[in-house]
Amino acid sequence: MKIPVFRVGLVVTASFLPLSLIALIVFLVIYSWPAIHFNQLHFLWTNDWNLGNLYGNPVEVRGAQIMPGAKYGIWFLVVGTIVSSMLAMLMAMPVAIGAAYFLSEGVRRSWAGPLSLFVDLLAAIPSVVYGLWGYALLVPLFGQTIFPFMAKTFSLIPFLGGDPGSGYGLLTSAFVLAVMIIPLISATLRESIQMTEPALKEAGLSLGLNRLEVFWHITLPKLKTVLIGVGILALGRALGETMAVLMVSGNALNYLPNNIYAPISTMAAFIASQLDSALQDPTNMAVEALSEIALVLLLITVVVNFAARLLLWMARVR
């Protein structure tokens, strides 16, 4: 019997990524199961993360060994992660679309290449460099100048007034995330615009539309699938970003932001900042609780991708 080696190789290669995702979910579920059983569902909507007295003797609570006073609630992390990522997308998407249009349609070809290369290089900068830039430049600038001006000017608008803070917080984190994901969106969209059939653009121009109107009414709607896909990739990058957010977010603990300038903490950044302390827990419950946070973050990413697929399917049905 002749074995189709090439076809088998393709099947194995194509199966690697979904199997890796399943294996990762299974591992996180198994490893964090003691924390899942102990924390129950209130783990998601309570703000009471406390590792307890790490120098005390373990006590038994609901059948689990934990340190005295230990509690695990991550609602403040869920809010910080989702709100900062969504705010970053709101800031990044218009700028990325404008940059893609400018580089593909609004500038001479002799300039488009070098400018496109510059934008693409922004995506290759390590996240810790963005974090250092945010820490050294944006935090003082925002905290001393921009945030006080915004809080005073928009004092009557909910979530924009109040204490402007020190510069560490939600808006700073979202701004850094937006700068990080703009090149990803712009590069993909730029290539898609350049591959759009010239006949469509010429038809729009023949109807009396200018180039910007052709882009807005003809090209961009045609690229709706690409836009949703790259948006989901960018949102996944924002949801999982660690070091840059850790350096500018303020690392709030058990605290929900009362305005756009307030300090926050995200799930990925919180895992990185708390791991060293959690390793001091002799019961290992703290590390297992951090693994449960990682599982929640992974599930949020999966749900976001599923929702995007659903939107695309509904668009095709219509």
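Note that this is a predicted model, so its numbers are computed, not measured.

Novice: Explain the overall build of the protein here, please?
Specialist: Helix and strand counts for the protein stand at 12 helices and two strands. Taken over the C-alpha atoms alone, the protein extends approximately 80 × 75 × 35 Å along its principal axes. For the protein, buried positions account for 41% of its 318 residues. Carbon and sulfur atoms provide 71% of the accessible area of the protein, an area that totals close to 17500 Å².

Novice: Would you take a moment to explain the pattern of salt bridges for this structure?
Specialist: Note that side chains of opposite charge can pair when their charged atoms are close. Inspection of the entire model under this criterion finds six salt bridges. Between Glu-191 and Arg-190 there is a salt bridge; the shortest N-O distance is 3.5 Å. Overall, the relative accessible area of 39% leaves Glu-191 in the partly exposed class. When its relative accessible area of 3% is taken as the criterion, Arg-190 is described as buried. Between Lys-222 and Glu-197 there is a salt bridge, with the nearest N and O atoms lying 4.0 Å from each other. Separated by 25 residues along the polypeptide, Lys-222 in helix 8 (residues 211-222) and Glu-197 in the loop between helix 6 (170-194) and helix 7 (198-206) bring together distant segments of the chain.

Novice: Please explain helix 9 (residues 224-240) as it appears in this structure.
Specialist: Residues separated by three or four positions in an α-helix point in the same direction, a consequence of the helix having 3.6 residues per turn. Taking 1.5 Å per residue, 17 residues should reach 24 Å; helix 9 reaches 24 Å between its end C-alpha atoms and fits that length. The complete set of buried residues in helix 9 reads Leu-227, Val-230, Gly-231, Ile-232, Ala-234, Leu-235, Ala-238 and Leu-239.

Novice: How should a nonpolar patch on the surface be read in this particular structure?
Specialist: On the surface, Phe-306, Leu-310, Leu-311, Trp-313 and Met-314 cluster together to form a nonpolar patch covering roughly 530 Å² of accessible area. Taking the relative accessible area as the measure of exposure, Phe-306 reaches 57% and is therefore exposed.

Novice: Explain the packing of helix 5 (residues 127-153) against helix 6 to me, please; I cannot follow it from the model alone.
Specialist: Two numbers describe how helix 5 lies on helix 6: the axes approach to 9 Å, and their chain directions differ by 135°. Taken together, the axis directions place helix 5 and helix 6 in an arrangement best described as oblique. Once helix 5 is placed against helix 6, the crossing between them reads as right-handed. Every residue of helix 6 that contacts helix 5 at Ser-127, Tyr-130, Trp-133, Gly-134, Leu-138, Val-139, Phe-142, Phe-147 and Met-150 is listed here: Leu-171, Thr-172, Phe-175, Val-176, Val-179 and Met-180. Partitioned by chemical class, the residues of the contact of helix 5 with helix 6 number 12 nonpolar, three polar and no charged.

Novice: Even after reading the chapter, I still don't get the nonpolar core, so can you show me in this structure?
Specialist: Most often, soluble globular proteins keep nonpolar side chains buried together rather than apart. Grouped together as the largest cluster of nonpolar side chains are 75 residues, with contacts concentrated most on Trp-49, Tyr-72, Ile-74 and Ile-293. Setting aside residues up to four positions removed in sequence, Tyr-72 forms contacts with Phe-38, Asn-39, Phe-43, Thr-46, Asp-48, Trp-49, Asn-50, Leu-51, Asp-281, Met-285, Ala-286 and Ala-289.

Novice: Even after reading the chapter, I still don't get the layout of surface pockets, so can you show me in this structure?
Specialist: A probe as big as a water molecule, rolled over the atoms, marks out the empty space that is left. Within this model, the largest pocket holds a volume of roughly 400 Å³. Taken together, 20 residues make up the lining of the largest pocket; nearest its centre are Ser-104, Glu-105, Arg-109, Lys-201 and Arg-211. Breaking the lining of the largest pocket down by element, the ones donating at least two residues are helix 3 (75-105), helix 4 (109-122), helix 6, helix 7 and helix 8. In terms of residue class, the lining of the largest pocket is made up of nine nonpolar, five polar and six charged. Here the second largest pocket is characterised by a volume of approximately 210 Å³. If you trace the second largest pocket, you find it lined by Met-86, Met-89, Leu-90, Met-93, Ile-228, Gly-231, Ile-232, Leu-235, Val-304, Ala-307, Ala-308 and Leu-311. Counting only elements with at least two residues in the lining of the second largest pocket, the list comes to helix 3, helix 9 and helix 12 (285-317). Of the residues assigned to the lining of the second largest pocket, the class counts are 11 nonpolar, one polar and no charged.

Conventions used here
- Residues numbered from 1 in each chain as written.
- Predicted model: local features only at pLDDT ≥ 70, side-chain atom pairs only at ≥ 80, totals over all residues.
- Heavy atoms only, no water.
- Helix = DSSP H or I, 4+ residues; strand = E, 2+ residues; numbered from the N terminus.
- Buried < 20%, exposed > 50% of the residue type's maximum accessible area, 1.4 Å probe, protein only.
- Areas by Shrake-Rupley, 256 points an atom, 1.4 Å probe, with all protein chains shown as cover.
- Salt bridge = Lys/Arg side-chain N within 4 Å of Asp/Glu carboxyl O.
- Expected span 1.5 Å × (residues − 1).
- Patch = residues over 30% accessible without salt bridge, like charges linked within 9 Å, V, L, I, M, F, W, Y side chains within 5 Å.
- Axes fitted to C-alpha atoms, helices over the stretch in contact; angles between N-to-C directions.
- Parallel < 35°, antiparallel > 145°, perpendicular 65-115°, else oblique.
- Left-handed = near helix turned anticlockwise from the far one by under 90°.
- Contact = heavy atoms within 4.5 Å.
- Nonpolar A, V, L, I, M, F, W, Y, C, P; charged D, E, K, R; others polar.
- Core = buried A, V, L, I, M, F, W, Y, C linked by side-chain atoms within 4.5 Å.
- 1 Å grid on protein atoms, 1.4 Å probe; cavity = no way out; pocket = protein on both sides within 12 Å on 5 of 7 lines; lining within 4 Å.
- Points joined across faces, edges and corners; volume = space filled by probe spheres on them.

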